[in-house]
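What follows is each chain in one-letter form.
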Amino acid sequence: MKQKTALISGAGIAGPAAAYWLNAAGWQVTIVEHAGAPRDGGYVIDFWGLGYDLAERMGLLNEIERVGYHARELRVIGDRGERLAGFGTKVFDELTGGRYVTLARRDLSRLLLAKAAPVAEMIFGDEIVMLQHDPAGVTARLRSGPVRRFDLVVGADGLHSQVRRLAFGPHEQFEKPLGYAVAAFEARHYQRRDPDIYMMHTKPGRMVGRFTLRDDRSLFLFVFTYDGARPATLEQQKTLLASLYRADGWEIADILQRLDEVQELYFDHVSQVVAPTWSSGRSVLVGDAAFCPSLLAGQGSALAIVAAYVLAGELARAEGHIEEAFAAYERRLRPYIATKQAGAARFASAFAPRTAFGVWFRNLVIQSFAIPGLAKLAVGREMIDRLRLPDYRLGPMPSTMERRTSDPG
Ligand SMILES: Cc1cc2nc3c(=O)[nH]c(=O)nc-3n(C[C@H](O)[C@H](O)[C@H](O)COP(=O)(O)OP(=O)(O)OC[C@H]3O[C@@H](n4cnc5c(N)ncnc54)[C@H](O)[C@@H]3O)c2cc1C
């Protein structure tokens, strides 16, 4: 039988994971990524749960742990640098049996790509500009000119997915802003370093965080209430941040000075993606393109990997019946994703409370997490994955995984 072919748009997290698992399911895979090379810079992510388990199955765990961090405290800082509240993050280790790590998004993406590249055709610096479905397959035109045929197209191209726009409809139908924006950048040689402590300063409606990285690098994260349009240029983004944060205390003057020097700034609305269906004809969405839970879920990358695995597994199970596989993929994941999105929306106000009272109350809650058992009770429900992944028999499964993910169904 002729090998089935898939075109994947996006080489972030979901894209390379889908390429790896589709290949394991017997598919011939092509990835097209509009950036000229794997994206650099950005932000750090927390990584645990089923995504962590699948990364283990992909043989990535040693590398992930090597480049990752194990934060020990989240500390809320006052205007003069004093500690206002905080809690030890070992509760996350307790809840996950030590399987919890913080790492740069680009490192996770790079490691996944290293697994996908040997088994996929890679096209960087290009994108799909036209999709045409028919009962036998999909015709895709790339911006550089070629027109090619595939059995299916996977949209793994993130929050503002191009495949979703071409095959499902305009972004506004799917992207639900949560009323916040986020910006992040990395700087070298920042004078203050607090290894393994997540430092956070909050004013009503905005927070700024700092996390110390290896090699004399530091990461800065801004989350703030914002309903306006995304400033178009880097300079406009910097100006907006400076105007909002300028008068805040703590280290903000130094941080804004470093911001002024950066050439790469992540800046976007904090949004969720809610799509009534994740497939249209022979196009299917995975990761943020399908169901972005927003950074507030702290789990979007893990969910992207889970979705890639389930999609490939259901395609293998359905033995060529693509529509059946798409339906099974959604049935298995939708309720699980819905709880993650609901949890993230609830968490939004804790990140950057809108009022002075809200900030005070949030700090009180954080401080109460120091009481033994309370943090576990408060965050346990959101953190523990209530989904059993089937063993689709797509790849090698270490013995520890068999207990975690096996499900005869
Ligand atoms: C500040 C911040 C903090 C976060 N913290 C966490 C966290 O703690 N834990 C966690 O698990 N998740 C976190 N997330 C979310 C996580 O980063 C995403 O959920 C995850 O990256 C989704 O992976 P993805 O592959 O679906 O999309 P992306 O990682 O966005 O990758 C999409 C890829 O598609 C490419 N692309 C875009 N358009 C096109 C096109 N037209 N054609 C071809 N390619 C295209 C992009 O260049 C990119 O390479 C955070 C996000 C942010 C912004």
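Residues numbered from 1 in each chain as written. Predicted model: local features only at pLDDT ≥ 70, side-chain atom pairs only at ≥ 80, totals over all residues.

Some words on the sheet that holds strand 9 (residues 137-142)
In step 1: Read from one edge to the other, the open sheet built from three strands follows the order 8-9-10, with strand pairing classed as antiparallel. Bordering the open sheet on either side are strand 8 (128-134) and strand 10 (147-150), each of which pairs with just one other strand. On average, each strand axis in the sheet is tilted by 20° relative to the strand beside it, whichever way the strands run.
In step 2: Direction of pairing for strand 8 relative to strand 9: antiparallel, over a ladder of six bridges. Across the sheet, glutamine 132 pairs through a bridge with threonine 139, a residue of strand 9. (Pairing = 2+ DSSP bridges. Helix = DSSP H or I, 4+ residues; strand = E, 2+ residues; numbered from the N terminus. Axes fitted to C-alpha atoms, helices over the stretch in contact; angles between N-to-C directions.)

A short note on helix 5 (residues 105-116)
In step 1: Taking 1.5 Å of rise per residue, the 12 residues of helix 5 would be expected to cover 16 Å, and the 16 Å separating its terminal C-alpha atoms lies within 8% of that figure.
In step 2: Within helix 5 the residues assigned to the buried category are Arg105, Leu108, Ser109, Leu111, Leu112, Leu113 and Ala116. (Expected span 1.5 Å × (residues − 1). Buried ≥ 20, exposed ≤ 12 C-beta atoms within 10 Å, placed from the backbone.)

Description of the sheet that holds strand 4 (residues 73-77)
In step 1: Sheet architecture is open: seven strands sit in the order 5-4-13-14-15-12-16, paired in mixed fashion. Unpaired on one side and paired on the other, strand 5 (83-88) and strand 16 (266-273) mark the two borders of the sheet. Direction aside, the axes of adjacent strands within the sheet are offset by 20° on average.
In step 2: Inspection of the sheet shows strand 12 (residues 175-188) paired to strand 15 (residues 217-225) by nine bridges, in the antiparallel sense.

Overview of the site of the ligand
In step 1: Close to the ligand lie 35 residues, the nearest being Gly10, Gly12, Gly158, Gly287 and Gly300.
In step 2: Listing elements by their share of the shell around the ligand, those giving two or more residues are helix 1 (14-24), strand 2 (28-33), strand 3 (44-48), strand 12, helix 9 (288-291) and helix 10 (300-317).
In step 3: A total of four residues in the shell around the ligand trace back to one element, the largest contributor, which is helix 10.
In step 4: A breakdown of the residues in the shell around the ligand according to their chemical character gives 16 nonpolar, 12 polar and seven charged. (Near = placed C-beta within 6 Å. Nonpolar A, V, L, I, M, F, W, Y, C, P; charged D, E, K, R; others polar.)

With respect to the environment of leucine 394
In step 1: Within the fold, leucine 394 resides in the loop between helix 13 (374-383) and helix 14 (399-405).
In step 2: The exposure class of leucine 394 is partly exposed, given the 19 C-beta atoms found within 10 Å.
In step 3: For the pair leucine 394 and glycine 313, spaced 81 residues apart in the sequence, the C-alpha separation amounts to 7.1 Å.
In step 4: Excluding its chain neighbours within four sequence positions, the residues that come into contact with leucine 394 are Trp21, Ala24, Ala25, Ala312, Gly313 and Ala316. (Contact = placed C-beta atoms within 7 Å.)

Points about the confidence of the model for the protein chain
In step 1: Across the protein chain, the average pLDDT comes to 90, with 94% of residues at or above 70.
In step 2: Predicted confidence for residues 397-409 stays below pLDDT 50, and this span has 19 contacts to residues more than four positions away or in other chains. (pLDDT = per-residue confidence, 0-100.)

Quick notes on helix 10
It helps to recall that an α-helix has 3.6 residues per turn; residues three or four apart then point in one direction.
In step 1: Counted at 1.5 Å a residue, the expected span for helix 10 with its 18 residues is 26 Å, and the 25 Å between its end C-alpha atoms agrees.
In step 2: Across the 18 residues of helix 10, 16 count as buried, placing the element largely inside the fold.
In step 3: Among the residues trailing helix 10, glutamate 319 stands out with phi positive, at a value near 45°.

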